[in-house]
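Topology and contacts: notes
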Amino acid sequence: SKSKVEISEHENLEFGITPIAVKVTAEDGKDKEYIIEVNKQDTSLGLSSLSVSSETQNLTISPKFDKNTTSYTLNTEDVSKLTIEALANYEDATIDITGNSELKNGENIITIKVQKGNEVKTYTLTVNNTKQGLSDKLLTIWNRFWVVFVVAFCSIIQSLIAIRYLIKYYKVTK
């Protein structure tokens, strides 16, 4: 047969979807081109996504999640428990998360273990938790009180000034 097939850039594919052009030349010399999308997947065990949240704060891990990065840090304030959503890149893999509740003041280590058969990959999240003490909470309440007091006081003074001008105006017009 005098027909030919040419395949472009099909060696050393990177992970993800790669279009590959296949050019077929028939015996009569007419060309037809086909595009095939090849999806090369990473076969190593790991997480495909990881997110952390709490009831009171928007949280962001550092560095940004990448399945090949296994150590992350997170700064929180006065959090006792974190919700961790981790998704493995294999449906039949199991995920075990430890250390995400009863967080203490200071450094806390959370481990996320992904397992499929005998293969295990462990991710570590170091949480720096700053707890607000009673004196800090009282100071916050006290500061809020003063803000409300100053606003109310200024409003009263403004009203008294307005009343004074109204009284003057009333006396002048009589």
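The sections below set out a description of the structure shown in this document.

About the cut-offs
- Residues numbered from 1 in each chain as written.
- Predicted model: local features only at pLDDT ≥ 70, side-chain atom pairs only at ≥ 80, totals over all residues.
- Heavy atoms only, no water.
- Helix = DSSP H or I, 4+ residues; strand = E, 2+ residues; numbered from the N terminus.
- Pairing = 2+ DSSP bridges.
- Axes fitted to C-alpha atoms, helices over the stretch in contact; angles between N-to-C directions.
- Phe/Tyr/Trp six-rings, centres within 6.5 Å; stacked < 30°, edge-to-face > 60°.
- Buried < 20%, exposed > 50% of the residue type's maximum accessible area, 1.4 Å probe, protein only.
- Lys NZ or Arg CZ within 6 Å of the ring centre and 35° of its normal.
- Salt bridge = Lys/Arg side-chain N within 4 Å of Asp/Glu carboxyl O.
- Polar contact = N/O pair within 3.5 Å; in protein donor to acceptor, adjacent residues only side chain to side chain.

The peptide bond linking Ser 62 to Pro 63 adopts the cis configuration, its omega dihedral lying at -5°. Its location among the elements puts Pro 63 in the loop between strand E4 (47–53) and strand E5 (71–77). Positive phi is not limited to glycine here, since Asp 78 has a value of about 55°. When you line up the elements, Asp 78 lands in the loop between E5 and strand E6 (83–88). Of note in this structure, Glu 102 is not a glycine but carries a positive phi near 55°.

On to the sheet that holds strand E7 (residues 94–98). An order of E5-E9-E8-E7 is seen for the four strands of this open sheet, with the pairing classed as mixed. The open sheet is flanked by E5 and E7, the only strands paired with a single partner. Put simply, the sheet's adjacent strands are angled 20° from each other on average, direction ignored. Where E7 lies against strand E8 (residues 106–116), five bridges are found, and the strand directions are antiparallel.

Counting across every chain of the model gives one aromatic pair. Here Phe 65 and Tyr 72 contribute two aromatic rings whose centre-to-centre distance is 6.1 Å and whose plane-to-plane angle is 25°, an arrangement assigned as stacked. We classify Tyr 72 as buried; its relative accessible area is 2%. Sitting over the face of the ring of Tyr 90, Lys 116 holds its NZ or CZ atom 4.0 Å from the ring centroid.

Opposite charge on two side chains allows them to pair when their charged atoms are near. For the coordinates displayed, the defined rule picks out one salt bridge. A salt bridge links Asp 31 to Lys 23, with the shortest nitrogen-to-oxygen separation between them at 3.6 Å.

With respect to the helices and strands, the residue Glu 119 is situated in strand E9 (residues 119–130). For the pair Glu 119 and Leu 45, spaced 74 residues apart in sequence, the C-alpha separation works out to 7.3 Å. Polar contacts involving the side chain of Glu 119 include one to the main-chain amide nitrogen of Leu 45, which spans 3.4 Å.

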